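Commentary on secondary and tertiary structure
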Protein chains: 4
Amino acid sequence: MHIGLIGLGRMGNNMRARLEKNDIEVTGYDTNPEVSDVATLADLVAALPAPRTVWVMVPAGEITDNVIRDLEPLLEKGDLVIDGGNSRFTEDFTHAELLAPKGIDFMDAGVSGGIWGLENGYGLMVGGSKEQVERVMPVFDALRPEGPREEGFVHVGDVGAGHYAKMVHNGIEYALMQAYAEGYELLDTRKDIIHDVTGTFKAWQRGTVVRSWLLDLLVRALEQDPEFEHIEGFVQDSGEGRWTVEEALNNAVPVPTISASIFARFVSRQTDSPAMKAVAALRNQFGGHAVKAVD
Amino acid sequence: MHIGLIGLGRMGNNMRARLEKNDIEVTGYDTNPEVSDVATLADLVAALPAPRTVWVMVPAGEITDNVIRDLEPLLEKGDLVIDGGNSRFTEDFTHAELLAPKGIDFMDAGVSGGIWGLENGYGLMVGGSKEQVERVMPVFDALRPEGPREEGFVHVGDVGAGHYAKMVHNGIEYALMQAYAEGYELLDTRKDIIHDVTGTFKAWQRGTVVRSWLLDLLVRALEQDPEFEHIEGFVQDSGEGRWTVEEALNNAVPVPTISASIFARFVSRQTDSPAMKAVAALRNQFGGHAVKAVD
Amino acid sequence: MHIGLIGLGRMGNNMRARLEKNDIEVTGYDTNPEVSDVATLADLVAALPAPRTVWVMVPAGEITDNVIRDLEPLLEKGDLVIDGGNSRFTEDFTHAELLAPKGIDFMDAGVSGGIWGLENGYGLMVGGSKEQVERVMPVFDALRPEGPREEGFVHVGDVGAGHYAKMVHNGIEYALMQAYAEGYELLDTRKDIIHDVTGTFKAWQRGTVVRSWLLDLLVRALEQDPEFEHIEGFVQDSGEGRWTVEEALNNAVPVPTISASIFARFVSRQTDSPAMKAVAALRNQFGGHAVKAVD
Amino acid sequence: MHIGLIGLGRMGNNMRARLEKNDIEVTGYDTNPEVSDVATLADLVAALPAPRTVWVMVPAGEITDNVIRDLEPLLEKGDLVIDGGNSRFTEDFTHAELLAPKGIDFMDAGVSGGIWGLENGYGLMVGGSKEQVERVMPVFDALRPEGPREEGFVHVGDVGAGHYAKMVHNGIEYALMQAYAEGYELLDTRKDIIHDVTGTFKAWQRGTVVRSWLLDLLVRALEQDPEFEHIEGFVQDSGEGRWTVEEALNNAVPVPTISASIFARFVSRQTDSPAMKAVAALRNQFGGHAVKAVD
């Protein structure tokens, strides 16, 4: 099979390598001419056999949207665009509608695995038609981890369902990370009792209820930098967590741990908290409690 | 009526003033001789008519405990010790037991109102026997706000009940403050929409569902320092909030807002968060996401 | 001054009464002919002096939107529509744009006070132009509580700002209610200690830090039904709380107590929790812990 | 090596099997004579070679405490008691002190793995002296999972440290379970989008960031009972989660996800919520919102 891959950054480049290793022919396009196989999107389309499969792997939002809008006039009936980025599921509806009048198909693929995917394979959650999913299954089989297909790949539902599942996956991921982090902080705070914090996490890797891949990575990180001396407690978020909470609000689903993990990230990025200034001011007003003055 | 008052700090001194204004005779004792009426605890006890009433108004914990232990040999059957500080309710059981063998009575009084109590009166929550509550009612009437007695005073139950009620009062207080503070931060963040943040809070003082004394104080604080430029978002906590959550845990009562408000205070005091370092390290491990390096 | 008022339900009817008591002439329209002053919207418009002021007080969402769309062809340059319902602030932008081509002005007014507004006056948060705010100030003065204007009325900013402020007001309101409720549950659970739960809340009404209008209402409710024997713990939400959290997510503002109070409402409406089924199933899987089987 | 094992319930019995399989001789004692190897504790002690090692594997709290108090007069200098149950770490200090005067050693072992430990081995977190840890290492090696020792065993620190680590392990475990459960509920609520909920979780087992043993168990549970039709959303908690939050409070460590997961369990066990009754009552008071009356 031969597909086009748009976006040859950290993720895209690794995915190309894994696809090629598993005998999928890939023509890659990137705005950076040094890594691109072709000069233009038109060249990319020209290089692919019909019906074409173009996998878009660029940052979510405006960039993904522009790429798909640029592809639309170049493709033809029967071709397929797969958005493998971290787009919001609602974007998928827009893109499917955009391409439908010309008979171009659309599919969304949530891709998990980060920089380890090249080696381990990528967990894939796909939304689209049964026919197209079957047609491009060799691509999914090349990308997914070894083992039973259903343990690393799922056809979740129609267009949008793949990104929906990926969104929830990331919401859960945020809360899992926060859970380990809270435990870490408590153990680290009581080093008078816990003489070997790294060793404790390390010992949880086999046999315990909390064993997981994230735990393995935490051990790896602690072994590289015990005490995290070289890392600031400053954490970005990339959208999916917020969207998960918004979806939960829209559907009256309580998500206290997922929301707490996102709020913790927000706080981590503040140098001073307006809310806590207000609380300090209130305490000062009623109790005469000293406030910490800004220098 | 004539009582002894131990502890003439910010709270104790104001309370003495209010008591005297309302015709309660007060002999005060403080370790600071400049403000103390008598030289020793023994002198204080000697100055009081039997049966004696001694109101202890010193910092909770060790200091309160020491004062009550020092009083025990000096007092006699029929005397009464009232702990008006922010003691944990479990301490009250200890102190009642300590004094009981000699026939000395004990009462706990939760006192709310802060530095405004002198002017507005203090909200009082009392635990102890019906007889003693009735005997010292003139003291409570002098301290409590004007208006119907039951709107500023309550005999909550037996020994410990006053401090229990005060503990819960403070737990609620923490969450109320946090609620306004979260709203403040959101309004403050959207000053592109909200052209008058202080004015908005000010306009909530009458007619709205959120009107309260804390809101009045927030308006006062904002009028003194709009933007809270001179206040750091660094907030202490004094114990009652934590005890409220512990009690909730012991009784399987969910308290998500009270606990959230305490955790927000904990975070406000951290210069860097071990937990968020761990999350940043994890993101870096799986996604290759850049971390913010410590300089 | 003479205005039109659309929507004569619980809120609208009370507002009409307060307006008329304060010498504002009101022509009311409602789809219910029994309470309506006029037969049609066209009749309403015809009855008003130019430039017309039409206050829309109907349920937010589709109904408000339809009313404003129906008004647009009937009104003319210089007329003003005020949306006093609980619309999302983003709707205001749409409605202002809809009316602008014909030179019809738009203003949004957040209104707080519930069924007590007739007696106490309504807290008002207004978004719109300075000129229009000044022109209809007699209406706001009639509706707002007695006392200084700025303690019950605020011109928050341009169109949308009034509903934005009201949205945050309600977000705060949710968390305040939850805070008292958590304290109530803890006190109620420990009636072995707290012999007078209602009396405790009653005693907080004067002098304490937690005194507020909501506290007064809680006392009122407890006096009517101590133990809340006739009330189910089933709580609806009306949108503003969710929107507040969404806005907080969009602006990276942590709102742990506001979100917790909304999640508590979601849970209150579930007969069984899918999430907790999953947790029960997990415990059973790893620990052999018995699950509670559905009959 | 030959040890005594007290408590032959679900956990103890499995542990005996694993120990014996790995060539550790075990004399077991249980109050149930049908499963006990000996008639009395004294018989157990008599059957063991000095210095004796007695592993206590009974329910935490009073039962563990009684067993250790009963053992104390029977043991002699140089013997060792290991508490492998889910005791609070503060209990360990008491037990070490109880046994110290006679020169009896004490060690605490947090044991994770549940009913799978027999097959997979148990994750072990141990507190005690270096000498004793080395002496009984064959026992730990028999119990722990295969693979590198440090990935399933850790000597955390002095007495109490093992249970401290286990406590935090379980706190994390609670939050991890809640995270997956929230994601499950959201996916399950949107089955209009997610056509294969079980398949989605199943596909996360390889390659994704959220893969873990708990995820594997969730898939197992969903395959046994998709929709969890036979399970009620009623979840017990066994203490460690609460203790984790208490310790976090004592050390000013924010634990929003761990506390949220415990509160979710508390709510899951309520048939009606006093707190939400209070919120419903409040809404009714200010807004005239209908309440759901109890039949």
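Residues numbered from 1 in each chain as written. Chains lettered and ligands numbered in written order. Predicted model: local features only at pLDDT ≥ 70, side-chain atom pairs only at ≥ 80, totals over all residues. Heavy atoms only, no water.

Per an unreviewed UniProt entry, chain A carries the name 6-phosphogluconate dehydrogenase and comes from Leifsonia aquatica. Its UniProt record gives chain A the following Sequence similarities (unreviewed entry) comment, quoted word for word: "Belongs to the 6-phosphogluconate dehydrogenase family." (UniProt positions renumbered as here; feature names shortened; annotations may be inferred.)

Further remarks concern the UniProt feature "domain: 6-phosphogluconate dehydrogenase C-terminal" (unreviewed entry) in chain A. Those places that UniProt annotates as "domain: 6-phosphogluconate dehydrogenase C-terminal" (unreviewed entry) correspond, in this numbering, to residues 162-290 of chain A. A distance of 53 Å separates the end C-alpha atoms of residues 162-290 of chain A, which is 66% helix and 0% strand. (Helix = DSSP H or I, 4+ residues; strand = E, 2+ residues; numbered from the N terminus.)

Turning our eyes to something else, we now look at the domain arrangement of chain A. Residues and elements named next belong to chain A. In terms of domains, chain A is made up of domain 1 (1-156) and domain 2 (165-267). On a C-alpha basis, the centres of domain 1 and domain 2 stand 30 Å from each other. Facing the 12 residues of domain 1 at the interface are 11 residues of domain 2. Each partner contributes to the roughly 990 Å² buried at the junction of domain 1 and domain 2, and carbon and sulfur atoms together form 64% of this total. (Domains from an automatic or database assignment. Contact = heavy atoms within 4.5 Å. Buried area = accessible area lost by both parts, 1.4 Å probe.)

Another point: the nonpolar core. In this structure, Phe201 of chain A, Phe201 of chain B, Phe201 of chain C together with Phe201 of chain D are the most contacted members of the largest nonpolar core, which totals 236 residues. Not counting the four nearest positions on each side in its chain, Phe201 of chain C is found in contact with Tyr180, Gly183, Tyr184, Leu187, Leu215, Leu218, Val219 and Leu222 of chain C. (Core = buried A, V, L, I, M, F, W, Y, C linked by side-chain atoms within 4.5 Å. Buried < 20%, exposed > 50% of the residue type's maximum accessible area, 1.4 Å probe, protein only.)

To continue, consider the interface of chain A and chain B. On the side of chain B, 57 residues touch chain A, which itself brings 57 residues to the contact. With both chains or domains summed, chain A and chain B bury close to 5,000 Å², and 64% of this area falls on carbon and sulfur atoms. Summed over the shared surface of chain A and chain B, the number is 0 salt bridges. The interface formed by chain A and chain B contains 18 residue pairs in polar contact (both at pLDDT 80 or more). Elements represented by at least two residues in the side of chain A that touches chain B include exactly helix H8 (161-189), helix H10 (213-224), helix H12 (256-268) and helix H13 (274-287) of chain A. At 14 residues, the largest contribution of residues to the side of chain A that touches chain B is made by H13 of chain A. When the residues that make up the side of chain A that touches chain B are grouped by side-chain class, the tally is 28 nonpolar, 15 polar and 14 charged. (Salt bridge = Lys/Arg side-chain N within 4 Å of Asp/Glu carboxyl O. Polar contact = N/O pair within 3.5 Å; in protein donor to acceptor, adjacent residues only side chain to side chain. Nonpolar A, V, L, I, M, F, W, Y, C, P; charged D, E, K, R; others polar.)

So, on to the pairing of strand S5 (residues 105-112) of chain A. Residue and element names in this part refer to chain A. Burial runs high along S5: 7 of the 8 residues are buried. Of the strand pairs in this sheet, strand S4 (residues 80-83) and S5 are connected by 4 bridges, and their pairing is parallel. In the strand pairing of S5, Asp83 is matched with Asp108. Handedness of the crossover joining S4 and S5 through helix H4 (residues 89-99): right-handed. In the sheet, S5 pairs with strand S6 (residues 123-127) via 5 bridges, with the strands oriented antiparallel. Considered in S6, the bridge of Val111 is made with Leu124. (Pairing = 2+ DSSP bridges. Right-handed = clockwise from strand over helix to strand, strands pointing away.)

What follows is about the relation of the copies chain A and chain B. Rotating chain A by 180 degrees and translating it 0.0 Å along the rotation axis places it on chain B, where the RMSD comes to 0.0 Å. The superposition operator between the copies reduces to a two-fold rotation axis. Within chain A, the C-alpha atom positioned nearest to the axis of rotation is that of Val267 of chain A, 4.1 Å from it. Of all interface residues in chain A, 100% are interface residues in chain B too; the two copies therefore contact each other through one and the same surface. (Least-squares fit on C-alpha atoms with pLDDT ≥ 70 in both.)

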